[in-house]
Amino acid sequence: MSDKTVLLTDSASNRTSTLPLVSGSMGEPAVDIGRLHKDLGYFTFDPGFVSTASTRSAITFIDGDKGILLYRGYPIEQLAKQSSFLEVTYLLINGELPNAKQFGAFEDEVTHHTMMHESLKNFLHGFHYDAHPMAMLCGSIASLSAFYHDTLDISDPEQRRLAAIRLIAKMPTIAAAAYRYSIGWPVRYPRNNLEYCTRFLHMMFEVPSEPLALNPVVAKALDLLFILHADHEQNASTSTVRLVGSTGANPYACVAAGIAALWGPAHGGANEAVLKMLAEIGDAKNVGVAVAKAKDKNSGFRLMGFGHRVYKNFDPRATIIRETCHQVLGALGVNDPLLDVALALEEVALKDPYFIERKLYPNVDFYSGLIYKALKIPTEMFTVMFAIARTAGWVAHWLEQHQDKDTKIGRPRQIYTGAVTRNYTSIAKR
Ligand code: SDX
């Protein structure tokens, strides 16, 4: 809390309210409006929470103007180069990088929680085979509260910790099982001798009839994408997890709600939408038409993978993914014409005044789909990939909120625009 304040004066009544400024360790201060209604009788109005901080958090810091992203103070560029997804997961949850002993224990515990309850296979088989994998993931994760009764007491720190481990460990297993159910393949069980991403790829692609020949480039690229997608402060899905968590709901319900929020094309569903958009554009010569359509308010069309609520500069993750895209496609010998479309679209858009004025740059979703495609991840699984990675952030924020004494149930107010008070009339008189 800083000792600085802002003074608000109500021009109608000349009443004033002195509101304290709240500062963190980095970033802009915020006005604590807690006493505003008491002083002046007004609420604040901020659709989409464009200018509203909902909580304090020590997990991730973003500077949208400078294109900075830190996980627990470490720049994303350094973590992308030097860390691994599971180590980043430990960092997000615990606040510090693990030493070798701590990481070994964490990896061992996650590895020994990767199996899913056999009854969950029947649950998945209740879906129609062509159900979207996000529907199967969302339903399956919510159902975990029916299987793991020993981690539902959220007042118990050990139960909270174990639930977080289970979610991180089982998300890939359930995601792979959902995919294999949709293509009629038998479930592949997690193999404990493999590291996190390699284990997931084996569960996704290994068939009983022959061993999987996996290019190490694939697991390394996936690990990098998971690092980049692991957390992003109070984005829509993480805010959803926190809102559901504020009611005291169990961790599986909270993360299932986060999966549901992530699915939207304005959020995590954008990576799937980008590939569909690039395929519809089809050729670099058509990008001008797409950009013109995106600028036309009546078209209802937006350039998927462009724009961001916070970044008004390049999304640092997009910069890393763009470089990785060239490296991975080259290493795998993939020549994807959609990459040329993406590069052409980016070049035209970034020179267009509409995008420049609105500070619309490629975001994390613009290039990621091209890498997933090169890794042979099916398009409808792209947002599932995002969910696997963001589980690290979701559980870190859920754990943080339950250690925060200021946490209270989230319950926004509204501006009422409906009918004013009126009396009921009998149907005979209507
Ligand atoms: C993610 O929050 C996070 O951190 C999210 C995320 C994470 O890691 O969790 O980073 C992941 O969700 C990335 C975003 C993925 N979504 C998309 O790529 C979908 C396309 N982009 C958007 O729809 C949009 O840019 C948002 C949703 C990302 C941000 O929307 P805002 O902040 O509410 O901005 P806005 O809708 O008010 O747009 C401001 C202006 C508008 O024009 P004007 O009314 O001022 O004339 O920019 C225009 C918009 O029409 N605009 C776009 C555009 N995005 C915004 N115009 C064309 N194409 C676009 N993509």
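What you see is a predicted model, and the numbers here were worked out from it, not measured in a lab. The residue numbers shown here count from 1 along each chain, following its written sequence. Residues qualify for local features only when their pLDDT is at least 70, as the model is predicted, and side-chain atom pairs are given and counted only at 80 or more; totals for whole chains, interfaces and linings, by contrast, use all residues. Only heavy atoms go into the side-chain values, all of them from the structure, while hydrogens and water stay out.

Turning to the nonpolar core, a few remarks are in order. Only buried residues count toward a nonpolar core. Its members are Ala, Val, Leu, Ile, Met, Phe, Trp, Tyr and Cys residues joined through side-chain atoms within 4.5 Å. We call a residue buried when its accessible area falls under 20% of the maximum for its residue type, exposed when it is over 50%, and partly exposed in between, using a 1.4 Å probe and counting protein chains only. Membership of the largest hydrophobic core comes to 123 residues, with the highest contact counts inside it found for Leu137, Ile141, Leu303, Leu345, Ile377 and Met385. Numbering of helices and strands starts at the N terminus; helices are DSSP runs of H or I of at least 4 residues and strands are runs of E of at least 2. The element that contributes the greatest number of residues to this core is helix H7 (residues 157-182), accounting for 14 residues. Residues count as neighbours in contact if any of their non-hydrogen atoms are within 4.5 Å of one another. Once residues within four sequence positions are removed from consideration, Leu345 is found in contact with Met277, Leu278, Ile281, Val287, Ala290, Val291, Leu303 and Phe366.

Another aspect to go through is the environment of Ala146. Looking at the secondary structure, you find Ala146 in helix H6 (residues 133-147). Taking relative accessible area as the criterion, Ala146 reaches 51% and is therefore assigned exposed. Separated by 95 residues in the primary sequence, Ala146 and Ser51 have C-alpha atoms spaced 38 Å apart.

Another aspect to go through is the sheet that holds strand E1 (residues 5-9). Note on pairing: DSSP must find at least two bridges between two strands before they are called paired. On the basis of which strands lie adjacent, the open sheet formed by 3 strands has the order E1-E2-E3 and antiparallel pairing. Both edges of this open sheet fall to E1 and strand E3 (30-31), since each of them pairs with a single strand only. Sheet analysis places strand E2 (residues 16-22) next to E3, joined by 2 bridges and oriented antiparallel. Residue Leu21 lies in a different strand from E3, and its bridge partner there is Val31.

In the contact formed by helix H3 (residues 85-94) and helix H4 (residues 100-111), the axes pass within 10 Å of each other and the chain directions differ by 105°. Looking at the two axes, H3 sits roughly perpendicular to H4. From H3, Leu86, Glu87, Thr89 and Tyr90 reach across to H4, where they touch Gln102, Phe103, Phe106, Glu107 and Val110. Grouping the amino acids of the contact of H3 with H4 by side-chain chemistry returns 5 nonpolar, 2 polar and 2 charged. Helix axes use the C-alpha atoms of the stretch in contact, all axes being lines fitted to C-alpha atoms, and the angles between their N-to-C directions lie in the range 0 to 180 degrees. Orientation is classified from the angle alone, with under 35 degrees giving roughly parallel, over 145 giving roughly antiparallel, 65 to 115 giving roughly perpendicular, and any other angle giving oblique. Lys, Arg, Asp and Glu make up the charged group, whereas Ala, Val, Leu, Ile, Met, Phe, Trp, Tyr, Cys and Pro make up the nonpolar group; the residues left over, Gly among them, are polar.

Let's shift gears to the site of the ligand. The immediate surroundings of the ligand are formed by 24 residues, with His232, Arg302, His308, Arg317 and Arg390 found nearest. At 2.5 Å, a side-chain N or O of His232 approaches an oxygen atom of the ligand. Pairing of N or O atoms within 3.5 Å defines a polar contact, subject to two protein rules: one partner must be a possible hydrogen donor and the other a possible acceptor, and residues neighboring in sequence count only if both atoms are side-chain atoms. Contacts to the ligand include His308, whose side-chain N or O atom sits 2.6 Å from an oxygen atom. Using a 1.4 Å probe, accessible areas were evaluated by the Shrake-Rupley method; residue-level cover was limited to the displayed protein chains. In isolation the ligand exposes 1000 Å². Once the protein is present, 77% of that is buried. We call a residue near a molecule or strand as soon as one heavy atom of that residue lies within 4 Å of the molecule or strand.

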